[in-house]
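Coordinate analysis (summary)
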Amino acid sequence: MSPASAADDAPGDDLPRRPLHHAAAVALLSWRAGPGLVVCQLAVTIVTGLLPTGTVWGTKLLVDGLTAGDPDQALRAAGGLALLGLASGVLPHLTAYLRAELDRRLDRLLQDELYTAVTGFQGLSRFENPVFLDRLRMAAEATGGALTPVTSGLFDAGRNVITLVGLLFSLTLLSPAMAGLVTVAAVPVLIARMAMVRRRVGVLAGLSATARRQILYSSLITDVRAAKEVRLFGLGGFLKGRVLGELARSQAGERRLDRREAVIQSLLALLSTAVAGAGLLWAVFSALSGGLSLGDVTAFVAAVAGTQTALTGLVETVAGAHQALLLFGYHAEVTSMPDDLLPPPRESAELPAMRHGIELRDVWFRYDDSHPWVLRGVDLTIPYGASVALVGLNGAGKSTLIKLLCRFYDPTRGAIYWDGADLRDVPPGELRRRMGVLFQDYMCYDLTAAENIAMGEIDALPDRARIEAAARLAGAHDIVRTLPRGYDTLLSRIFFGLEDENDPQAGVVLSGGQWQRLALARALLREGRDLLILDEPSAGLDAQAEHEIHSRLVEHRAGRTSLLVSHRLGAVRAADVIVVLRDGEIVEQGTHDDLMAVGGEYAELFELQAKDYLAEAEPARTLLR
């Protein structure tokens, strides 16, 4: 499925639909987050729920006592109302504190669950799927605060139910017909609110791709890595137009939804007002005819208003909880997903220390059934202790082959064997621990120099000697030690505390070649691994630095099993085996001398590059004469 078609799908038809199951899951998460907080909120909820009923009857007793001239009854009622007022003033603040603390603890628990699940996906396929990315974005919205309508909402619903029971009982004593009318009038309100909530969540999900595009364009305007081209090519207006266009598209959907909800809410408000007005007229006529006392009328009016308020609160609580549960559904969906590498291991096999090598047997691969084949029947052996170089034009399948070796994907057909063990039977984490890998699209972490290198093996972070040794091997040590704070220098300028405000050296930005050396050090930190994979290790280096790095790497790779990918054929000529890929197929393989003797594609590319180097060098020699 293409990104465009995936983004245009109607996610509203595919929303998670297990509200009761999700409500139970959220309740269990709340209990895990803070059982004491839950118990305290329950106690406060019961007391708070009884306050309106107590106020209604206290008011009735006060008015009747004043009307009958009974000072004792009036004073007792006034004292009771004062205590109820005190509780009404204090309990909301206690409730707010308990809610906020529960939200904080629940938020931490939810993020722990979500990111544990996401980091547990061993492959890359989901992260290249726009539908999953939309679901992940919605799942990330399910924070502790976003689930408040469910967590605290359960207590709000309980409080409203307690209030309703008390007030409806009181209202039934005064007028059973009005009690039934008020209750029946709440039904369409609940139905309408549920429909609006589901539509709102569906619209938000449908706009997820729009929001992602808006974030992309706005980040390009503000990202320092894009700043040069944006200014050089005058892209500011274009990108701003894209941001505003996506924003307008998003706001148009929200505007239609808000307009629809405003109309429905107005009609529901008219219904509630009509019911209250009819009840008031009935109470006035009943009082004029002697059917109700002044205290009864006061209690009736308060009971109707309180009942409608409680019913409205209950409806809003249920609707809010329904919306939050739909949001939580995305969290539950993502966190319950199985690993994305299929088929799952039939029986986990131990990965032996490499003694023979890696073998690809008739490996075919494509990213999706609708996409063309990237690899076509590849048969390749990487012998133990040998250095193999992989060359070919862009799009030949070199990076995809590396992804398969790292088991970010499994072959569509065929298999890859490590000393006879099928990689699909080996836990991905175990396989990757046996590798050192430099990717062509390496990461530049907004961390210190030491941390950037230690990302290759995080357990080595406290071992500065190991980090420095890897940096020396990659030619990065001299670069790092000249930084303002050496290995503790932050390689970013996006984090500034108050103490760094006047310190321009608090963060340092490296050049592309300097970053390349640090990324190489990150891969080389994993010394003693069975397989070393280097994908364009010198792409960002000048000629002198390239020669220096490759000389070191040739020495380092001697006797080690390694796979080197490079477009610069001079860097691969020392490899034991050179493999030429074209359109996903191996068209040549052998030593440099063998392939040059054949005079095939490799020889043609090598001679073409050699001519370019000679042409570049000739003007320099002329100037030196």
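Each residue is numbered by its place in its chain's sequence as written, counting from 1. With pLDDT at 70 or above as the cut-off, local features in this predicted model cover only qualifying residues; side-chain atom pairs require 80 or more to be listed or tallied, and sums for whole chains, interfaces and linings still use all residues. Excluded from the side-chain calculation are hydrogens and water; included are all heavy atoms of the structure.

The salt bridge definition used is simple: a Lys or Arg side-chain nitrogen within 4 Å of an Asp or Glu carboxyl oxygen. Under the criterion given, the structure shown has 19 salt bridges. We note a salt bridge from Glu113 to Arg32, for which the minimum N-O separation is 3.6 Å. In this pair, Glu113 is assigned in helix H4 (residues 71–120) and Arg32 in helix H2 (residues 19–33), connecting sequence segments 81 residues apart. Close ionic contact of Arg472 with Glu468 constitutes a salt bridge, the shortest N to O distance being 3.8 Å. With Arg472 and Glu468 both in helix H15 (residues 464–473), this residue pair falls 4 residues apart, about one helical turn. Members of the salt-bridge network, linked through shared partners, are Glu430, Arg433, Arg434 and Asp530. Here a strand is any run of E in DSSP of at least two residues, a helix any run of H or I of at least four, and the numbering for each starts at the N terminus.

In this text, buried Ala, Val, Leu, Ile, Met, Phe, Trp, Tyr and Cys residues form a nonpolar core when linked through side-chain atoms within 4.5 Å. Residue burial is assigned from relative accessible area. The probe radius is 1.4 Å, only protein chains are included, and a residue is buried under 20% of its type maximum, exposed over 50%, and partly exposed in between. Counting residues in hydrophobic clusters, the biggest one holds 40 residues, and the most contacted among them are Ile453, Leu518, Leu520, Val572, Ile578 and Tyr602. Apart from the residues lying within four places of it in its own chain, the contact partners of Ile578 are Ala389, Val391, Val572, Arg573, Glu588, Gln589, Gly590, Thr591, His592, Leu595 and Tyr602. By size, the runner-up hydrophobic cluster in this structure holds 32 residues, among which are Val363, Leu401, Leu405 and Met435. Should any heavy atoms of two residues lie within 4.5 Å, those residues are considered in contact.

Along the chain, Arg481 turns up in helix H16 (residues 477–481). Of the residues examined, Arg481 reaches a relative accessible area of 53% and is grouped as exposed. Sequence spacing of Arg481 and Glu468 is 13 residues, and the spatial spacing of their C-alpha atoms is 9.7 Å. Here a polar contact means two N or O atoms within 3.5 Å. Within protein one must be a hydrogen donor candidate and the other an acceptor candidate, and residues neighboring in sequence count only if both atoms are side-chain atoms. Among the polar contacts listed, one links the side chain of Arg481 to the side chain of Asp478, at a separation of 3.1 Å.

So, on to a positive patch on the surface. A cluster of basic residues, Arg199, Arg255, Arg256, Arg259 and Arg260, forms a positive patch on the protein surface. With 4 residues, the top contributor of residues to the positive patch is helix H10 (residues 236–288). Along the chain, Arg255 falls in helix H10. Each patch is built from salt-bridge-free residues with over 30% relative accessible area, joining like charges within 9 Å and nonpolar side chains (Val, Leu, Ile, Met, Phe, Trp, Tyr) within 5 Å. The method behind every accessible area is Shrake-Rupley, applied with a 1.4 Å probe, and residues are considered shielded solely by the protein chains displayed. Just so you know, the count uses Lys and Arg for positive and Asp and Glu for negative, and it drops His and the chain ends. Charge positions come from single atoms, namely NZ of Lys, CZ of Arg, CG of Asp or CD of Glu.

For Phe, Tyr and Trp, where Trp contributes only its six-membered ring, two rings pair if their centres lie within 6.5 Å, and the inter-plane angle classes them as stacked under 30 degrees, edge-to-face over 60, or tilted in between. Overall, the coordinates contain 8 aromatic pairs when judged by the stated rule. Between Trp364 and Trp373 the ring centres are 5.3 Å apart and the planes differ by 80°, which places this aromatic pair in the edge-to-face class. According to the relative accessible area criterion, Trp364 is partly exposed, its value standing at 21%. With relative accessibility at 17%, the residue Trp373 sits in the buried group. Taken together, the ring pairs connect Phe121, Phe127 and Phe132 into an aromatic cluster.

As a further point, take the confidence of the model for the protein chain. The predictor reports its confidence for every residue as pLDDT, a score running from 0 up to 100. On average, the protein chain scores 80 in pLDDT, and the residues at 70 or more come to 86%. Here helix H1 (residues 3–8) stands out as the least confident element of the protein chain, with mean pLDDT 36; strand S1 (residues 357–365) is the most confident, with 95. Scored below 50 in pLDDT, residues 1–16 makes 27 contacts in the model with residues more than four places away or belonging to other chains. This model gives residues 616–625 a pLDDT under 50, and the stretch forms 2 contacts once residues within four places in sequence are excluded.

What follows covers the environment of Arg472. Residue Arg472 is classed as partly exposed on the basis of its relative accessible area of 44%. In this structure, the C-alpha to C-alpha distance between Arg472 and Arg517, residues 45 residues apart in sequence, is 9.6 Å. Setting aside residues no more than four positions away along its own chain, Arg472 makes contact with His477 and Arg552.

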